[in-house]
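# Architecture and fold: a report
Here is what each chain is made of, one letter per residue.
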Amino acid sequence: VSKKLGDFRLDNINMELPEGYIMGLIGPNGSGKTTLLNLILGLYKPDSGEVLVFGRGYEGEERAIHEDMGFVLQEKLFEGYMTLQENGNHYGNYYKHYQPERFIELLQSFGLEPKKKYKELSKGEELKFQFAFALAHAPKLLILDEATSNVDTRTEELVQKAMDKITVGRTSFIIAHRLSTIKNANLILVMNEGNIIEQGTHE
């Protein structure tokens, strides 16, 4: 796929994430990681080429694709005035496999109080909440966007442990600044200036 945004161009990206694999994507700021992510999420339409998720294109299949996709993103996607449980129940309506009881169990396993307001969460707690919500609807694909960035060292360690545990055996696409963040990845892509310049493994 290719996508032009102003002076920036994501140029002829060709990649495949096999089922059950963990793929890590690293690269400097401005390399095209976020643009590629938005294409995968269906937020951007490619200028050329095609994005297929689970073998399906976004034209007419967007709802079905998103039902099978869980994500942890940098953006604030939930309602600050709602409690964690209320947020889960509200947005869980968009996912046919959402399990409210499982969501509460996951919140508690992360040390989060279901009755707490979302706006009262720290950055690290927001990430844990997103992990819990994503897993509560049993996604086939888990996407993590810079999940450990902009948090303190202690929170980074806790979130990293959660990532390591959650992604094992699950098809995952992880965007990261550092190679150490994606140490469990089976495949690693390196981006720069809108191109994939290298791909391989940790070995």
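This one's a predicted model, so the numbers in the text were calculated from it and none came from an experiment.

## Examining the environment of Met 69
Along the chain, Met 69 falls in strand S6 (residues 69-72). Taking relative accessible area as the criterion, Met 69 reaches 0% and is therefore assigned buried. Counting along the chain gives 68 residues from Met 69 to His 137, while the straight-line C-alpha distance between them is 8.8 Å. Among residues more than four places away in sequence, those in contact with Met 69 are Ile 40, Leu 41, Val 53, Tyr 58, Tyr 95, His 137, Pro 139, Leu 141 and Ile 143.

## Notes on helix H1 (residues 33-40)
Judged by how many residues are buried, H1 sits mostly within the fold: seven of eight residues are covered. All of the buried residues in H1 are Lys 33, Thr 35, Leu 36, Leu 37, Asn 38, Leu 39 and Ile 40. A positive phi of about 80 degrees marks Gly 42, the residue just after H1.

## Section: the pattern of salt bridges
Where charged atoms from two side chains of opposite charge come close, those side chains can pair. Going through the model one piece at a time under the given rule, you end up with eight salt bridges. Its salt-bridge partner being Arg 9, residue Asp 11 comes within 3.2 Å of it at the nearest N-O pair. A residue is classified by how much of its surface remains accessible, and Arg 9, at 38% relative accessible area, is partly exposed. In this structure, Glu 67 engages Lys 96 in a salt bridge whose closest nitrogen and oxygen atoms are separated by 3.9 Å. Taken as a pair, Glu 67 in helix H2 (residues 62-67) and Lys 96 in the loop between helix H3 (84-92) and helix H4 (100-109) lie far apart in primary sequence, 29 residues in all. Several salt bridges share partner residues, and in doing so they unite Arg 56, Asp 68 and Lys 140 into one network.

## Looking at the pairing of strand S9 (residues 187-192)
Here four bridges tie strand S3 (residues 22-26) to S9, and the two strands are oriented parallel to one another. The residue bridging Gly 24 from the neighbouring strand is Ile 188, located in S9. Taken together, S9 and the strand that follows it, strand S10 (residues 195-200), pair antiparallel across an intervening segment of two residues, in which Glu 193 is found at a positive phi of about 50 degrees.

About the criteria used
Residues numbered from 1 in each chain as written. Predicted model: local features only at pLDDT ≥ 70, side-chain atom pairs only at ≥ 80, totals over all residues. Heavy atoms only, no water. Helix = DSSP H or I, 4+ residues; strand = E, 2+ residues; numbered from the N terminus. Buried < 20%, exposed > 50% of the residue type's maximum accessible area, 1.4 Å probe, protein only. Contact = heavy atoms within 4.5 Å. Salt bridge = Lys/Arg side-chain N within 4 Å of Asp/Glu carboxyl O. Pairing = 2+ DSSP bridges.

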